[in-house]
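Each chain, written out:
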Amino acid sequence: MLKKFLSLFLCFAAAFTLTVSAFAQSDSAAVEAASSVPLYLKYYYDQLDANGQAVFTQLREAVIKCQKKIKFGKEFGKLSSEELSKVIELLVYFDPMSFNVDYSKSTYNTSDYTMELGYYYKKETFDKMVAAYDKKVDKILEKLTDDMSTYKKIKTIHDVIINTATYDLDAANNDNIYGTLVKKKAKCDGYAHTFAYVCSKAGIRAISVVGYDYPIENKDVGHAWNKVYYNKQWYNVDLTWDDPVNNIKKNLCYDYFMINDKTMFRDHLEDNLSFKVPKATDNSKAYYPANKKYAEDLSSAKSIIKSSINTAAKNKTPVIRFQCSSESVYKKVQDYLSGQDIYEIIGSAKKNYNKNLVDTAFNYSGNDGQYTVTIILFFKNTSLDSYFLDASAISKDMRDALSQYGIK
């Protein structure tokens, strides 16, 4: 029976774009890479039965080699429809190697155990793309020194990828590693595949997760992120949402770094198709609790705000960010920042640490899903470019307000 790949995944087409990466340039190396099952696939691969694993290994090998027609062995005929779906899901959604496959031009035939695959790029081009992003990956790996803890390595990988790529829904190859690291444009699956791939290269177990997010307009939107294994626990990491799209400079954040499911599911929903996803139960390694930037109540929030403003004044660093333990505390902090007491703290920091700190104006914003608060301080006689990615986008009222402090 001849079928299109697309028919299997029609219900998911609106939510996700198909993606891939690769390991090696020669066919022999590609075969070895396919058969070894990289860390970013192993958790899901182990959920296939023996026939599914055999078919997936052969399919993945063919994809790496850009082989157009595949003749499977007897294992293919033993696959249930559910197991075949899992094999294809594993390739389509979780294997970065598959970005070159054009699924709209790919078919499989259950009667003679064959598949025919269409490709976007010729083998020569595909290999060049892989070589280009592997060079970028090697540069990231060079930053991971032997004296680093695994936690620090995970954070470094997180930071470098975010600082490399810009979120772009329309860019070509934004759903794969090539687009993310070479062209520096990515969307959620590009970030997720790249993080899992680099972690795997570093010997750190990480997987991609698919599901949905909860935007304010209350419409489910397809999304992808990661789970990473550290110190015998799984943790959620979402690079896309830690690279927010706004005009604030130096805005890399950690709202979705090493958090548990309870915290993640405030604004995310897992739906990993036919596969089980490991549970993430520990939140002690989340960035804000781990770095003492976690407010259990308004009193602790005030203490964090004061110490952070003093540090910011000393170091002339404008961005402050911390997290509240609950929606109730979050709202109390917002009320506090709307009052006058905060100006006394800024004024004290100006007097004691930096006379150029502006004590009559600041900016704050919040993440309603994760209860994080961002405060931006201003310093006299600096440029708008010190605070904003695009100074021309600043409103006239804000420009006028800041210009009196020599900020232009």
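Quick note: structure is the one above.
Take the packing of aromatic side chains next. Tallying each qualifying case throughout the model produces 25 aromatic pairs. Their ring planes at 55° and their centres at 5.1 Å tell us that Y229 and W234 sit as a pair that is tilted. Classification of W234 as buried rests on a relative accessible area of 9%. Centre to centre, the rings of Y343 and F362 are 5.5 Å apart; their planes meet at 65°, and the pair counts as edge-to-face. Here the residue Y343 occupies a position in helix 15 (residues 341-352), and F362 occupies one in the loop between helix 15 and strand 14 (363-367), the gap between them amounting to 19 residues. For Y343, a relative accessible area of 27% puts it in the partly exposed group.

A cluster of basic residues, K136, K139, K143 and K184, forms a positive patch on the protein surface. Of note, K143 is situated in the loop between helix 7 (123-142) and helix 8 (150-164).

Next up on the list: unusual backbone geometry. Although it is not a glycine, N231 sits at a positive phi angle of roughly 50°. With respect to the helices and strands, the residue N231 is situated in the loop between strand 8 (221-230) and strand 9 (233-237). You will see that K232, though not glycine, has its phi angle at about 70°, which is positive. Along the polypeptide, K232 turns up in the loop between strand 8 and strand 9.

It is at 9 Å that the axes of helix 13 (residues 298-315) and helix 15 come closest, and there the two elements cross at 35°. Crossing of helix 13 over helix 15 shows right-handed handedness. Between helix 13 and helix 15, the contacting residues are I305, K306, I309, N310 and A313 on the first element and I342, I345, I346 and A349 on the second. Looking at side-chain class alone, the contact of helix 13 with helix 15 contains seven nonpolar, one polar and one charged residues.

So, on to the nonpolar core. In this structure, L59, L90, M115, I157, F195, V228 and M258 are the most contacted members of the largest nonpolar core, which totals 87 residues. Once you skip the residues sitting within four places of it in the chain, F195 turns out to touch I154, I157, H158, I161, A206, N226, V228, V237 and L239. Counting residues in hydrophobic clusters, the runner-up holds 38 residues, among them I305, A313, L357 and I394.

Time to look at the sheet that holds strand 9. Within the open sheet, the five strands sit side by side as 10-9-8-7-11. Their pairing is antiparallel. The outermost strands of the open sheet, each flanked by one partner alone, are strand 10 (257-259) and strand 11 (268-270). Pairs of neighbouring strands in the sheet enclose a mean axial angle of 45°, with direction left out of account. Where strand 8 meets strand 9, five bridges bridge the pair, whose relative direction is antiparallel. Residue Y229 lies in a different strand from strand 9, and its bridge partner there is W234.

Looking now at the pattern of salt bridges. Oppositely charged side chains can pair when the atoms bearing their charge come close. Here the structure, examined in full by the defined rule, presents 13 salt bridges. A salt bridge links K42 to D46; the nearest nitrogen and oxygen atoms lie 2.8 Å apart. What makes K42 partly exposed here is its relative accessible area of 34%. Judged by its relative accessible area of 40%, D46 is partly exposed. Between E327 and K331 there is a salt bridge whose closest N-O contact spans 3.5 Å. Here E327 pairs with K331, and both are found in helix 14 (residues 327-337), just four residues apart, close to one helical turn. Of the residues examined, E327 reaches a relative accessible area of 41% and is grouped as partly exposed.

Another aspect to go through is the environment of I342. Position of I342 among the secondary structure elements: in helix 15. Classification of I342 by relative accessible area gives buried; the value is 1%. Here the alpha-carbon distance between I342 and K306, two residues 36 residues apart in the chain, equals 8.5 Å. Once you skip the residues sitting within four places of it in the chain, I342 turns out to touch I305, I309, Y336, L337 and F362.

Calculation rules
Along each chain, the written sequence defines residue order, and numbers are assigned to residues from 1. Side-chain atom pairs in this predicted model are given and counted only at pLDDT of 80 or more, local residue features only at pLDDT of at least 70, and totals for whole chains, interfaces and linings cover all residues. Excluding hydrogens and water, the side-chain values take into account all heavy atoms of the structure. The aromatic pairing rule takes the rings of Phe, Tyr and Trp, using the six-membered ring of Trp, and pairs them if the centres are within 6.5 Å, calling planes under 30 degrees apart stacked, those over 60 edge-to-face and the rest tilted. Exposure classes here rest on a 1.4 Å probe applied to the protein chains alone. A residue is buried below 20% of its type maximum, exposed above 50%, and partly exposed in between. Note on conventions: DSSP H or I runs of at least 4 residues are helices, E runs of at least 2 residues are strands, and numbering of each starts at the N terminus. Candidate patch residues must exceed 30% relative accessible area and have no salt bridge, after which like charges are joined if within 9 Å and Val, Leu, Ile, Met, Phe, Trp or Tyr side chains if within 5 Å. In this description, accessible areas are obtained by the Shrake-Rupley approach with a 1.4 Å probe, and a residue is regarded as covered only by the protein chains that are shown. What counts as a salt bridge is simple: a side-chain nitrogen of Lys or Arg found within 4 Å of a carboxyl oxygen of Asp or Glu. Here Asp and Glu are counted as negative and Lys and Arg as positive; His is not counted, and neither are the chain ends. In this description, the location of a charge corresponds to atom NZ of lysine, CZ of arginine, CG of aspartate or CD of glutamate. Lines fitted to C-alpha atoms define the axes here, with helix axes fitted over just the stretch in contact, and angles between the N-to-C directions of these axes take values from 0 to 180 degrees. Note: crossing handedness is left-handed where the near helix turns anticlockwise from the far helix by less than a right angle, and right-handed where it turns clockwise. Whether two residues are in contact is decided by their heavy atoms: any pair within 4.5 Å suffices. Three categories are distinguished: nonpolar for Ala, Val, Leu, Ile, Met, Phe, Trp, Tyr, Cys and Pro, charged for Asp, Glu, Lys and Arg, and polar for the others, with Gly belonging to the last. Working definition of a nonpolar core: buried Ala, Val, Leu, Ile, Met, Phe, Trp, Tyr and Cys residues. They are joined through side-chain atoms within 4.5 Å. Two strands qualify as a pair provided that DSSP identifies no fewer than 2 bridges between them.

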